[in-house]
Structure formats: structure tokens, C-alpha cells
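Analysis of the macromolecular model
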Amino acid sequence: MALRSRVSAFLVSLARFSADRPLTTIALSLLLCAACVWKIDALTIDTTTEGLLFENDPSLVIYNDFLDRYGRDERIIVALKADDIFVSRAIEKIARIQTAIEEQVPYLTKVDSIVSARDTRGEGDSLIVGELFDRYPTNADEWQAIKARAMRNPFYTDLLVSKDATIAAIVIRTLSRVSVAAQDGFDEMGDLWFGKSSETMPLSDEQNSEIVTAIYKIVNAEQSAEMPLYIAGSPVVTDQLKRAMIADISHFVKLLILMIAAVLFLFFRRLSGVIYPLIVVILSLVSMLGLMAICGVPIKIPTQIAPTFLLAVGVGATVHLLTIYYREFQNSGDRKEAVFYAASHTAPAIVMTALTTIAGVGSFVFAKIEPFADLGRFTAFGILMSLILTLTLLPALLAITPIKLRAKRDTFVSADRLLKWFATLSWRFPKTIVFCFAVLLTVSIALLSEVRLSHYIVGWFPKTSAVRIATDLLDEKMHGSVTIEVLIDTKMSDALYDPQLMNRIDESAQGATEIEPIKKVVSIATIVKEINRALNENDDRYYTIPESKGAIAESLLLFSNSSDDLTEVTNSDYSQVRITHKIPFPDAVDGQKIIDKLSKFYEKAFPNSDIKMTGLVTLLCTVLSASVESMAVSYTLSIFMITAMMIATFGSIRLGLFSMIPNLTPIIIGMALMVVLGIAFDMFVMLVGSIVLGLVVDDTIHFIHNFRRSYLKTHDIIVSLEETMLGTGRALVITSVVLALGFGVYLFAEMQNIVGFGIIASACIVLALLADLLLTPALFILWFRSGKCVI
């Protein structure tokens with residue numbers, strides 16, 4: 001009790017200092033913000049899957065080693081659709097687009113298509129590695145002959161051309177790493193001149209966007225209704241995510257500021273009641289973003305919610321302080337005294353609500369997903385900045401702003417009638433209210449078992465979006481647009497010369513196609529069989545693995561002299577093999593099932609080798625599992641920390657535990673709405689529990705704090721309940737409206753996962769308001785009637 005009194009006295013003295021020295025306070029506040037925002041122009045956006053994991057994550061370490069050895073597994077695919085690909089118009093168009101891409105698009109390593117497809121054949125004793133279209137057919141028979149050759153080549157079907165020959169793919173491979181100088185804008189010659197060619201960094205999100213933009217420009221110039229073009233592949237998905245994020249963040253912030261301004265004006269009917277809260281939250285927001293820039297932390301997929309979240313949350317504290325300030329000013333006519341009175345009545349609760357919100361988001365700090373941890377750290381900082389500015393800058397601004405006394409009138413008669421009705425309902429029918437909430441809670445808990453876990457990035461896009469249409473087309477017609485990579489390390493040099501091992505690789509690659517939805521597998525065994533056939537007069541009977549080590553070694557030597565394609569399927573000493581499995585872009589839940597089956601399959605086939613699963617799909621699955629684990633920790637931490645804070649706030653274990661009932665109930669009911677509405681529990685909706693818990697306790701703290709103050713004065717529970725409803729109730733309504741609007745703006749998002757997050761978070765806020773206005777007072781009434789309540 002003494003500690004709470006000292007804290008309260010300090011907060012009042014802080015408000016007094018701010019009101020007595022307003023210009024000094026304003027200057028110090030602006031300097032504090034300026035110290036954070038000086039580097040805000042350096043803030044970047046990163047939508048890559050790799051950016052979701054910490055650098056030392058084992059899956060990411062394996063993946064980065066894979067990239068260094070074999071290059072980037074992510075491909076950009078330009079698909080051409082026609083009645084028959086093997087006609088001159090289609091082939092010429094493919095060739096034209098491929099040439100333009102090779103000449104105009106930066107950061108590429110290789111561009112493949114049916115036009116430039118590798119054609120391995122034998123001529124006498126020589127192995128010829130050329131292109132399928134060394135020359136163009138001149139008549140129908142030649143077109144049919146080249147089509148027949150192409151369609152029986154396993155390196156073409158489902159990779160470069162669909163099995164029905166109606167889809168052709170231009171497969172674009174990008175650099176996995178670029179020179180540091182290239183990152184800074186130097187060209188390759190400049191890199192050599194300045195001696196920076198040996199310093200490399202992973203291909204950046206900006207460079208990926210530069211690649212995709214250049215490809216879109218070329219494709220749009222060649223687009224036609226007769227032979228339409230589609231662009232797919234994970235780099236395109238990443239780029240489109242980034243564009244949607246940039247558009248949504250800008251749109252949401254503007255829309256929410258307008259909504260907040262409108263609500264504040266309706267509530268306060270004063271210009272200062274609109275402008276000053278906006279000043280506080282906007283300065284808090286730019287300070288948070290500026291600190292992210294200083295720390296070199298980009299905005300990532302989960303952290304895109306931070307700006308609108310902070311805007312909505314930051315307004316709440318200013319509303320509580322301004323509500324009391326304007327009411328007291330109407331009574332006393334003294335601005336400074338009104339500031340002191342408002343601070344003494346609201347500051348302790350404002351501080352505690354800020355701390356509980358920080359505890360809610362701060363629980364993400366220990367997450368295994370890097371942007372979750374970033375969200376916890378930087379959003380907590382933003383809330384702290386908002387708290388500091390609310391207790392210093394806001395009183396200073398109020399102290400120097402002349403405002404007029406208004407005629408005694410109440411523009412909230414209807415709202416007060418509704419709040420009185422809630423109060424009456426609570427003390428007349430407390431058992432009915434508690435019973436209704438108990439039934440909802442029981443049903444919700446039962447529904448939670450049916451929550452559907454998901455992390456389906458392509459599914460985030462609207463069904464009408466170009467990237468989703470293109471991905472669905474390739475997944476259907478060419479059995480996939482992404483890959484799962486398996487690395488088999490024998491730990492022995494020249495191990496792949498062994499015919500038995502090579503046959504096992506071949507049999508395993510074919511056997512993997514029995515695992516749904518895998519239909520296409522590529523490995524070194526396919527190349528070896530192709531070479532053997534070519535060296536035996538192109539006879540299909542020899543499309544087998546040679547029977548001796550010497551024959552395999554000779555085949556690989558001959559091939560490596562004519563092509564560098566071996567570097568994509570094995571390492572330099574032939575001790576390791578890469579097997580690529582093409583699959584449709586999966587939901588990570590399904591992807592994990594495929595990976596588990598593949599892992600067991602290859603471990604059984606190669607018991608003495610080191611098996612590693614990697615590739616983009618593996619990272620997506622790691623992100624999902626790490627998200628689930630992180631949320632389990634986050635939910636536990638947030639509930640524990642917030643419960644402890646509630647106990648400390650009210651100085652009572654029983655009252656602290658009691659206060660958690662109306663806070664956890666709306667979250668559980670809100671999460672059950674996912675099942676009813678068919679919303680998946682993805683990495684965004686996962687955030688709802690901890691974030692909303694940190695918010696809904698704010699209203700409960702204000703309600704119980706003011707109810708307690710009133711009861712200690714009146715010793716009449718009905719009077720105290722009505723006073724709390726008419727005083728704190730108004731602020732609870734306005735803060736809940738602002739928060740619901742803050743999350744509600746996400747309903748206008750392009751990405752469906754953000755829409756789902758907005759629906760559930762807004763629902764939880766509305767349910768929490770109903771719980772505070774109905775369940776909390778009903779529980780208090782029953783507790784008082786039991787004779788066991790100690791305020």
C-alpha cells in the first residue's frame with residue numbers, strides 16, 4: 001500500500017512539473033523523440049521466409065550452407081499457355097522472352113526453357129551436350145519429331161513443359177549471394193576495380209523486387225489473349241507480399257488516424273481532445289520506427305501490425321486522462337488544477353495498464369521467430385514512449401492551451417442510459433449473466449479442439465490475384481511450383497561412382513513419387529542414365545545406370561567437360577547428392593507431413609549416410625513449428641506476468657485472480673470464433689491471445705480501480721457500480737471503440753491472413769467490453785453477497 005502511494009505521489013509530481021514548466025517539458029519530449037527518429041529513412045522491409053528465423057536457427061544454417069553450395073532453390077517461373085507449345089509462334093515467343101530476360105534482368109545465374117533445354121546425345125564416340133532447338137523445324141514432321149523427343153525426356157516434362165504440352169515454363173534462377181559492392185550500387189566491373197568482389201551478402205529483398213519488377217515489365221510487353229503469360233514462384237510471392245504490406249501499412253495508418261480523430265471529436269467535442277492524443281501516438285509511432293531503423297531491424301511480415309496497433313493502444317491512456325481533465329476543468333475552471341486532479345486519479349491506472357500491455361507484447365521477446373521477438377521489443381518500447389509522453393507532454397500541452405468553459409450539458413445522455421441499464425442488469429440478474437458467460441465459455445473451450453492450424457502463404461492472397469492464379473495453374477498442370485531438397489552425404493569421396501549407390505539413388509528418387517503430392521523428382525541418377533543412353537547410340541534400352549565404377553566416372557567426366565549442370569546435383573568430390581522433389585506450394589502443415597515421410601524414407605534407404613532436409617518448404621515448416629512453440633511460451637508468460645501485476649496492483653491475491661476471469665473469458669470465446677468463421681490459426685492469429693490479453697486487462701484495471709475508490713468512499717455497492725459505469729464506463733467505451741477500429745481496419749487488407757487477425761482481435765475487444773460492463777460487475781455483486789469480498 002505504501003509503495004502504491006509513493007508511486008502515485010511521484011506520478012502526480014511529474015504531472016505538476018510538466019504543467020509548471022510546460023515549455024521545458026515540450027522541448028525535452030521533442031528531443032527524446034528526435035534522438036529516436038534521426039535515422040528513420042533507413043528503415044527497410046523484409047518479406048523473405050529466411051527473415052522470419054534467427055541467423056543461428058539450425059534449419060536456416062543448413063539452408064544457407066545449401067545456398068552456398070548449390071545456389072538458390074527458389075525459382076521464378078514465367079509460364080506460357082497455348083493449345084500446343086510445339087509450334088513456331090509459341091517457341092518464338094518463348095525465345096524472345098528468354099532473350100529479353102537474360103539481357104535486361106539483373107542478378108541472374110541461369111535461364112532455362114524448352115528452347116534452350118539441354119539435349120544430351122551421342123554422335124559416334126563423342127558425347128554432345130547441346131540444346132534441343134539447335135535449329136528450328138521447318139515442317140510438321142520435324143515439329144512432331146522434336147515434340148516426341150522432348151516429351152520422353154524426364155528433364156523436360158513437368159519442369160519445362162507440361163505433360164499435355166499446353167504449358168511451357170521459362171525457369172529463372174537468381175543469385176543466392178551478391179557482392180557487397182553490388183549491394184551499394186556498383187556493377188561487377190566496379191567490384192573488381194574497388195577490390196570488393198570477394199565480399200558477398202545474401203540477395204536482398206530490394207534486389208529480389210528489382211528482379212521481379214524487371215520480369216513483369218518484359219512479360220507485360222509480351223502479354224496476349226491468344227497465348228497468355230503467368231508469373232509464379234516463391235520470389236514472386238515474396239515480392240507481392242512486400243507490395244501488399246507497403247500499401248496496407250500506409251492505408252491502415254491514414255485510415256486509423258482519421259477514425260481516431262473522428263471518434264475523439266465525437267467524444268470530447270474539443271480540438272485539443274483530438275489533436276493532442278494524435279500528437280502523443282504519432283510521436284510514439286515514429287520513435288518506435290526510428291529505433292527499429294537505428295537497430296537495423298526491418299519491418300517483417302508479423303511486425304507490419306505494429307504501427308496500427310500502437311496508434312490504437314496509445315490513444316487509450318490519453319482518453320482516460322482527458323476525460324477526467326475536462327470534467328474537472330468544468331468544475332474548477334483552473335487548467336493546472338484540473339491537470340493535477342486528472343493525474344492523481346488516472347496516472348496509477350494508466351501506468352499499470354501500460355505495464356500489462358507491455359507484458360502482453362513483451363512475452364514475444366523469447367520467441368524463436370525473429371520478427372515475433374522484434375514485435376515484442378519494439379512495440380513495448382513504443383508503448384513506453386506513449387506512456388512517457390502521456391504523463392509529460394500531454395499535461396504540458398494542456399497547461400498552455402486556453403480552453404473555454406462550456407454550458408452544463410451532456411451530449412451522452414443516451415450512452416449514460418445504456419450504461420445505467422448495464423449497471424441495473426448486473427445487480428438485478430448477476431447469476432443469469434454469469435451463467436450465460438459460463439455456457440459460452442464451455443462451448444468455446446470445446447470448439448478450441450477443432451481449431452485448424454495453418455501457414456499457407458499463397459492462400460493469403462485473394463483468389464483473383466495474379467500470383468495466386470499463376471501458382472494454382474502451375475501446381476495443377478506441372479505438379480508444383482516449389483521444391484523440397486534432400487541432401488545425402490556419404491562422407492566418402494567419389495562415392496557416387498559406385499553403381500550400387502547410384503542405383504539406390506535412382507530407385508529412391510522413383511520411389512519418392514509414391515509419396516503424395518510428389519510427382520517429379522530430379523537427381524544425378526537421371527543425368528547418368530541420360531549420358532549412358534547417349535554413349536550407346538541413343539538407344540533407350542541403355543537408359544540405365546552403368547554397371548561399373550569406371551563407366552560412371554567416365555560418363556561424369558565427359559559430361560562435366562561440356563556442361564556445368566553437375567554442380568547443381570552433387571558436390572565437387574562426388575560425396576554428396578542433392579535430390580529435388582517438386583511439389584505444389586503447400587500449407588506448411590501439409591508440407592511438414594511430406595517432409596516427415598521423406599525423411600523416414602531416405603533414412604531407411606541410406607542408413608549409413610547423413611540425411612538433411614532443406615529448401616524453402618522446409619523453412620516454412622520450421623517457421624510454423626517455431627511459431628506454435630513460441631506462442632505456447634508467450635501465452636504462458638503473458639498470463640503469468642499479467643496475473644502477478646493484477647495481484648500487485650490491487651494488493652490482493654484473491655482480487656487479482658478474480659480480475660483475470662473477465663479478461664481470459666472473452667479471449668477464449670474470441671478464439672473459438674475462428675472455428676465458427678472458418679479462420680485458420682496462422683502465425684498472425686496466434687498473436688491475438690497475448691496482444692489482446694495485454695489490452696483487455698487495461699479496461700478491467702480502470703474499472704476495478706475506480707469501483708474500489710468509489711466503494712471505499714460510499715460503502716454502497718449499487719451506488720459505486722453506477723458511479724463507475726457513468727465515469728469510467730464512458731472511457732471504457734471510447735477506448736474499446738478505438739481499439740476495435742484499430743484492429744478493424746485490417747478487414748480492408750488485401751491479404752486474407754491480416755483480415756482474419758483483424759476479425760478475431762476486434763471480436764475479442766468487443767467481447768472484453770461486454771465482459772467489463774456485464775460480467776465483472778455481476779461477479780462483484782455475487783462476491784459481495786457471499787460476504788467474502790474484501791476490497
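Above this note sits the structure.
For the structure given in this document, a descriptive report is provided here. The structure displayed is predicted, hence computed values, not measured ones. (Residues numbered from 1 in each chain as written. Predicted model: local features only at pLDDT ≥ 70, side-chain atom pairs only at ≥ 80, totals over all residues. Heavy atoms only, no water.)

Regarding the side chain of histidine 345
- With respect to the element layout, histidine 345 can be found in helix α12 (residues 335–362).
- Overall, the relative accessible area of 16% leaves histidine 345 in the buried class.
- Excluding anything up to four places from it in sequence, histidine 345 contacts Ile324, His705 and Arg709. (Helix = DSSP H or I, 4+ residues; strand = E, 2+ residues; numbered from the N terminus. Buried < 20%, exposed > 50% of the residue type's maximum accessible area, 1.4 Å probe, protein only. Contact = heavy atoms within 4.5 Å.)

Details of helix α16 (residues 430–448)
- The end-to-end C-alpha separation of α16 is 27 Å, in line with the 27 Å expected for 19 residues at 1.5 Å each.
- When α16 is considered as a whole, its buried residues turn out to be Pro430, Ile433, Phe437 and Ser444. Take α16 and look down its axis: the buried residues cluster within an arc of 70°, on one side only. Every exposed residue of α16 that faces more than 90 degrees away from the buried side is listed here: Lys431, Phe435 and Thr442. (Expected span 1.5 Å × (residues − 1). Arc of directions from axis to C-beta.)

Some remarks on the environment of glycine 591
- Its place among the elements puts glycine 591 in helix α22 (residues 588–605).
- Along the sequence, glycine 591 and leucine 32 sit 559 residues apart, while their C-alpha atoms lie 47 Å from each other.
- For glycine 591, the residues in contact, after removing those within four places along its chain, are Pro586, Val617 and Cys621.

A closer look at a nonpolar patch on the surface
- Together, Leu32, Leu384 and Ile388 make up a nonpolar patch on the protein surface, roughly 210 Å² of accessible area in all.
- With respect to the secondary-structure elements, leucine 384 resides in helix α13 (residues 370–391). (Patch = residues over 30% accessible without salt bridge, like charges linked within 9 Å, V, L, I, M, F, W, Y side chains within 5 Å. Areas by Shrake-Rupley, 256 points an atom, 1.4 Å probe, with all protein chains shown as cover. Salt bridge = Lys/Arg side-chain N within 4 Å of Asp/Glu carboxyl O.)

Quick notes on the packing of aromatic side chains
- Counted by the stated rule, this structure contains 22 aromatic pairs.
- Geometrically, the ring pair formed by tryptophan 460 and phenylalanine 684 is edge-to-face, given 6.0 Å between the ring centres and 90° between the ring planes. Residue tryptophan 460 is located in helix α17 (residues 457–460), and its partner phenylalanine 684 is located in the loop between α24 (653–677) and α25 (688–714); the two are separated by 224 residues in the primary sequence. Across this residue pair, the class does not change: tryptophan 460 and phenylalanine 684 are buried.
- Where tyrosine 497 meets tyrosine 574, the ring centres are 5.3 Å apart and the plane angle is 40°; that geometry is what we call tilted. (Phe/Tyr/Trp six-rings, centres within 6.5 Å; stacked < 30°, edge-to-face > 60°.)

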